[in-house]
Amino acid sequence: MQHDDTLAPATLAAQGLGATPMPHRDIVPPIHLATTFERAEDGSLPGGRIYARDASPAYDPAEALLCKLEGGAEAALFASGMAAASAVLLALKPGARIVAPHDMYWSLRNWMIGFAANWQIGLDFYADSAELAALLQHPADLVWVETPANPTWEITDIARATDLAHAAGAHLVVDSTVPTPVFTRPLALGADVVMHSATKYLNGHSDVVAGVLVTRTEDDFWARIKTARAAGGAVLGPFEAWLLNRGLRTLFPRVRTAATSALRIAQHFEHHPGLVTVLYPGLPAHPGHDIACRQMEGGFGAMLSLRVKGGEAAARQVAGAARIFRRATSLGSVESLIEHRGPIEGPGTRCPLDLLRISVGIEDTADLITDLEQALQAAAPAPTL
Ligand SMILES: *Cc1c(COP(=O)(O)O)cnc(C)c1O
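Definitions and limits used
Residues numbered from 1 in each chain as written. Predicted model: local features only at pLDDT ≥ 70, side-chain atom pairs only at ≥ 80, totals over all residues. Heavy atoms only, no water. Near = heavy atom within 4 Å. Polar contact = N/O pair within 3.5 Å; in protein donor to acceptor, adjacent residues only side chain to side chain. Areas by Shrake-Rupley, 256 points an atom, 1.4 Å probe, with all protein chains shown as cover. Phe/Tyr/Trp six-rings, centres within 6.5 Å; stacked < 30°, edge-to-face > 60°. Helix = DSSP H or I, 4+ residues; strand = E, 2+ residues; numbered from the N terminus. Pairing = 2+ DSSP bridges. Buried < 20%, exposed > 50% of the residue type's maximum accessible area, 1.4 Å probe, protein only. Right-handed = clockwise from strand over helix to strand, strands pointing away. Contact = heavy atoms within 4.5 Å. Axes fitted to C-alpha atoms, helices over the stretch in contact; angles between N-to-C directions. Domains from an automatic or database assignment. Buried area = accessible area lost by both parts, 1.4 Å probe. Salt bridge = Lys/Arg side-chain N within 4 Å of Asp/Glu carboxyl O. Nonpolar A, V, L, I, M, F, W, Y, C, P; charged D, E, K, R; others polar.

(A) Quick look at the site of the ligand. What surrounds the ligand is a group of 14 residues, the closest being Met-82, Asp-175, Ser-197, Thr-199 and Lys-200. Contact between the ligand and Gly-81: an oxygen atom at 2.9 Å from a main-chain N or O atom of the residue. Between the ligand and the protein, one listed contact pairs an oxygen atom with a side-chain N or O atom of Thr-199 at 2.6 Å. Starting from 380 Å² of accessible surface for the ligand in isolation, the protein chains cover 92%.

What follows is the structure, encoded as structure tokens:
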């Protein structure tokens, strides 16, 4: 039976909306491999589909669930988070103007800069809400928001940014990869489109690269995005779509467990003598804490950053001394990851070079705290006698 609207999102996710595929009444959906679909004798399409690049039934379960969890009108899966974001940019017209944050996912920022330059698209960056308001005194077409934003977890007030964007004639798109629909629902705050790297928390097991967009309304902008997907062909394979759907079943317990652990870790290390600061929106000292309290429900996410005393070399040493945290890029999986972020972003980075980006997984919190303690100890300068 398909579930109704009175059920909690965690229930809908755990049961994949309660869908019951016919005729076998499978508890999990089958994998649809077909790339093409047969026409009837009169040329009509009784199955409702033509070809898998536009619309494979393999996408349906994850798209239906994500659409519901985000409270949107339609969802579209993509072959990666970057493919999803690229489709948004490809929906712009020449001469358009983008307003984007200084601090955001690095690869996307780099691609935006190159794309805007090549396609005669204006691009201005904001550091805070005052700069955003000033930039939106002039007409714009797209306002990009990432909150909490990589790698310092700056918070943007989505409702306020939406008002400013709409007044300037722009669509507002939120990269909500970090908070997930468990903690933030951008469409309910007025955003037009929400984007996720589904590679991260939505799939949650470091074994699928995927992306998704969910729209609040099926307007002309969304139609152009859908065309960019169908024509660009950056679509997900059936097996990846199936794995993503499986990962989504445990989204709520995974993300809640990791975020609870992240808060405890942030609190534990907040005044650690080996650290300059702990960046986590759940700490009252974080500049975005008040907005995060209003905008995020039930938790502050599971990403945090540590700024290590002793600069770049000390940060590299701490990462090198970790035994339980795995040294790898990416985020949002069941295993905890640590990354010395600045050198990854390379020239032009705004990331402090003493910053370690931490993705908290679902391991035992005490084990994670012990590991970071010993890593900070191992990298600490020997006491002078
Ligand atoms: C990983 C990530 C992306 C890019 O997604 P891919 O699936 O790697 O293409 C975009 N935004 C954020 C916040 C991310 O963490």
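(B) Examining the packing of aromatic side chains more closely. In total, this model carries four aromatic pairs according to the counting rule given. When the ring of Trp-111 is compared with that of Phe-115, the centres are 5.2 Å apart and the planes differ by 50°; the resulting orientation is tilted. You can see Trp-111 and its partner Phe-115 sitting in helix α4 (residues 106–118), four residues apart, about one turn around the helix. Ring geometry for Tyr-280 and Phe-300: centres 6.5 Å apart, planes at 75°, overall edge-to-face.

(C) Just unusual backbone geometry, in detail. Between Met-22 and Pro-23 the backbone carries a cis peptide bond, its omega angle lying at 5°. Relative to the elements of secondary structure, Pro-23 occurs in the loop between α1 (9–14) and α2 (60–70). With an omega of -15°, the peptide bond running from Asn-150 to Pro-151 counts as cis. Within the secondary structure, Pro-151 is located in the loop between β4 (142–146) and α6 (158–167). Within the chain, Arg-25 stands out as a residue other than glycine whose phi angle is a positive 55°. Mapped onto the secondary structure, Arg-25 falls in the loop between α1 and α2.

(D) Fine view of the sheet that holds strand β12 (residues 355–359). With mixed pairing, five strands are arranged side by side in an open sheet as β8-β9-β12-β11-β10. Each edge of the open sheet carries a strand with a single partner, namely β8 (275–279) and β10 (326–327).

(E) How the structure looks around the pairing of strand β2 (residues 97–101). In terms of burial, β2 is a largely internal element, five of the five residues being buried. Of the two faces of β2, the one carrying Arg-97, Val-99 and Pro-101 and the one carrying Ile-98 and Ala-100 are both buried. Bridge count between β2 and strand β3 (residues 122–126): five bridges; the pairing is parallel. If you follow Val-99 over to β3, its bridge partner there is Asp-124. One crossover worth recording links β2 to the parallel β3 by way of α4, and it is right-handed.

(F) Main features of helix α9 (residues 238–248). The complete set of buried residues in α9 reads Ala-241, Leu-243, Leu-244, Asn-245, Gly-247 and Leu-248. Those residues of α9 that are buried are in contact with α1, α2, β1 (74–78) and α10 (251–269).

(G) Local environment of the sheet that holds β4. Strands sit in the order β1-β7-β6-β5-β4-β2-β3 across an open sheet of seven strands; the sheet is mixed. For this open sheet the edge positions go to β1 and β3, each flanked by a neighbour on one side alone. When the angles between neighbouring strand axes are averaged without regard to direction, this sheet yields 20°. Relative to strand β7 (residues 211–215), strand β6 (residues 193–197) runs antiparallel, the two being bridged by five bridges. Residue Val-194 lies in a different strand from β7, and its bridge partner there is Val-214.

(H) Quick look at the domain arrangement of the chain. According to the domain assignment, the chain contains domain 1 (9–248) and domain 2 (252–379). Tallying the contact residues gives 37 residues for domain 1 and 39 residues for domain 2. Each partner contributes to the roughly 3100 Å² buried at the junction of domain 1 and domain 2, and carbon and sulfur atoms together form 62% of this total. Considering only the side of domain 1, the residues that lose the most area to domain 2 are Trp-106, Phe-183 and Tyr-201, jointly responsible for 27% of the buried surface there. Where domain 1 packs against domain 2, one counts two salt bridges. Notably, a salt bridge pairs Asp-157 with Arg-294, separated by 3.4 Å at the nearest N-O pair. Taken together, the links from domain 1 to domain 2 amount to 18 residue pairs in polar contact (both at pLDDT 80 or more). Among the secondary structure elements, those contributing two or more residues to the side of domain 1 that touches domain 2 are α1, α4, α6, α7 (180–183) and α9. Looking at side-chain class alone, the side of domain 1 that touches domain 2 contains 19 nonpolar, 13 polar and five charged residues.

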